[in-house]
Amino acid sequence: MQNGQTAGGLYQLVNLFSGGALLQVSIFALGIMPYITASIIVQLLRVVIPRFQQLYEEGASGQSKLTQYTRYLTIALGLLNATTLVSLARSGQLLPGCALPIIPDDSIITTILIIITLTAGTGLIMWMGELVTEKGVGNGMSLLIFTSIAATFPTSLGAIWTSQGPATFFTVLAVGLLTVALVVFVEQSQRRVPVQYAKRMIGRRTVGGTSTYIPIKVNMAGVIPVIFASSMLYLPGLIAQFNQPQQGEQLQPWVEWINNNLVRGDQPIYMVLYFAMIVFFTYFYVAITFNPEEVSDNMKKYGGFIPGIRAGKPTADYLQYVLSRITLPGALYLGFVALIPLVALVLINANQNFPFGGTSILIMVGVGLETVKQIDAQLQQRHYEGLLR
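Residues numbered from 1 in each chain as written. Predicted model: local features only at pLDDT ≥ 70, side-chain atom pairs only at ≥ 80, totals over all residues. Heavy atoms only, no water.

Under an unreviewed UniProt entry, the name given to the protein is Preprotein translocase subunit SecY, and the organism recorded is Arthrobacter nitrophenolicus.

Put into structure tokens, the structure is as follows:
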């Protein structure tokens, strides 16, 4: 582990989601990553496949069918990921620069056993996550990721204290508190578009005549753009790994350029590309998940309108205008928070699991806020005072 160059973008991401299990080569080495990928794929397929969109609109029965598809896809992706992991480990490319054999026995039986074990680990985590969702509070998968990230904090902070000293340790804590405050502030920020509903007579009762709003969050995409950007930036490094020269051959110029600029996170070109891709994927994901025309049609159906805006296409255009303006600060904020660990790597030579920044802090704060809200809702439902004042 110490000899291997494991500071690359996707290594950091996969190791983070598995709670450090990838670099311990444990049964849960794949972690929750195949499930997250499967969920994102099923969500994106709703745009492409009309049948998926129909199932989503059918309510609980249709969404349970989509969940079933996500489970099957998780197992398929788990098999694919496990096979890739084992093949990279066998060829020595999983941890470049490490001469020790990760898999001492190359027989087909051992290889199949490792692949099945890793996939079964992913299946078990998926089952545990769904149990938490069903019998607990909040989203089980999110809580499992939250726990796996929180478990790495003491080790990471201890490593900074040991290697950099108390001054750097307290500086990191101060930066961490500021980052958490920024993330909480932006995650809670929203633009409230006012909506009024006209009064209607249904039988002898008057229905409607209420005022409400559509909350459009500053960061509607969550942590998804960071995952997309990390995965895309990992591809050039993976291609370069498969094009390493044989003994006596010269390294090709394009492979050398990728190795120098796109493999390690402390390179300026890597940082600029990472930031630009996060901004692009934020706009891309928001455009897919929020449909202004659908919101406009639903409002029109129930007699709702935005004051000063005509119903129908003008409402959809106005929502699109608001969305495109509010997504920009959200995209810049995501890029800024995601770059914090890479800047820390350059400034204080922190390890790749720098705790305060990037995907880890976004997930921890997001899941923490969501869980507190759900507990608060449960308490108020049972006539207790809420947690939030």
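**With respect to the pairing of strand β1 (residues 190-197)**
Consecutive side chains along a regular strand alternate between the two faces of the sheet. Alignment of β1 against strand β4 (residues 211-217), held across seven bridges, turns out to be antiparallel. Counterpart to Q196 in the pairing with β4 is S211. As paired strands, β1 and strand β5 (residues 304-305) are joined by two bridges and run antiparallel to one another. What sits directly across from Y197, in β5, is G304. (Pairing = 2+ DSSP bridges. Helix = DSSP H or I, 4+ residues; strand = E, 2+ residues; numbered from the N terminus.)

**Overview of the packing of helix α5 (residues 108-135) against helix α6 (residues 140-150)**
Interhelical geometry of α5 versus α6 gives an angle of 115 degrees and a closest axis separation of 7 Å. Residues I125, M126, M128, G129, E130, V132 and T133 of α5 form the contact with α6, whose own contacting residues are G140, M141, L143 and L144. Partitioning the contact of α5 with α6 into residue classes produces seven nonpolar, three polar and one charged. (Axes fitted to C-alpha atoms, helices over the stretch in contact; angles between N-to-C directions. Contact = heavy atoms within 4.5 Å. Nonpolar A, V, L, I, M, F, W, Y, C, P; charged D, E, K, R; others polar.)

**Topic: the sheet that holds β4**
In spatial order, the strands read β4-β1-β5; together these three strands make up an open sheet with antiparallel pairing. Edge positions in the open sheet fall to β4 and β5, since each of these has one partner strand only.

**Quick notes on the nonpolar core**
Grouped together as the largest cluster of nonpolar side chains are 57 residues, with contacts concentrated most on I216, V226, Y274 and L362. Take this core: its biggest share by element is 10 residues, from helix α13 (residues 313-347). Listed in part, the nine residues of the second largest apolar core include A29, V86, A89 and L118. (Core = buried A, V, L, I, M, F, W, Y, C linked by side-chain atoms within 4.5 Å. Buried < 20%, exposed > 50% of the residue type's maximum accessible area, 1.4 Å probe, protein only.)

**Points about the side chain of S189**
Here S189 lies in the loop between α8 (166-188) and β1. Side-chain polar atoms of S189 contact the backbone oxygen of F185, separated by 2.5 Å. The residues contacting S189, other than those within four sequence positions of it, are K217 and V218. (Polar contact = N/O pair within 3.5 Å; in protein donor to acceptor, adjacent residues only side chain to side chain.)

**Here we look at the packing of helix α3 (residues 50-57) against helix α4 (residues 60-91)**
Their axes nearest at 6 Å, the elements α3 and α4 cross at an angle of 130 degrees. It follows from the interaxial angle that α3 and α4 lie oblique. Contact with α3, carried on its side by F52, L55 and Y56, involves G62, Q63, K65, L66 and Y69 of α4 and no other residues of that element. Of the residues that constitute the contact of α3 with α4, the class distribution is five nonpolar, two polar and one charged. (Parallel < 35°, antiparallel > 145°, perpendicular 65-115°, else oblique.)

**Remarks on the pattern of salt bridges**
Enumeration according to the criterion identifies three salt bridges in this entry. A salt bridge links K217 to E187; the shortest N-O distance between them is 4.0 Å. Here E187 lies in helix α8 and K217 lies in strand β4, a separation of 30 residues in the sequence. Residue classification places E187 among the buried positions, given a relative accessible area of 10%. Between K313 and D317 there is a salt bridge, with the nearest N and O atoms lying 3.0 Å from each other. Remark: D317 and K313 occur in helix α13; sequence separation between them is four residues, near one turn of the helix. Of the residues examined, D317 reaches a relative accessible area of 39% and is grouped as partly exposed. (Salt bridge = Lys/Arg side-chain N within 4 Å of Asp/Glu carboxyl O.)

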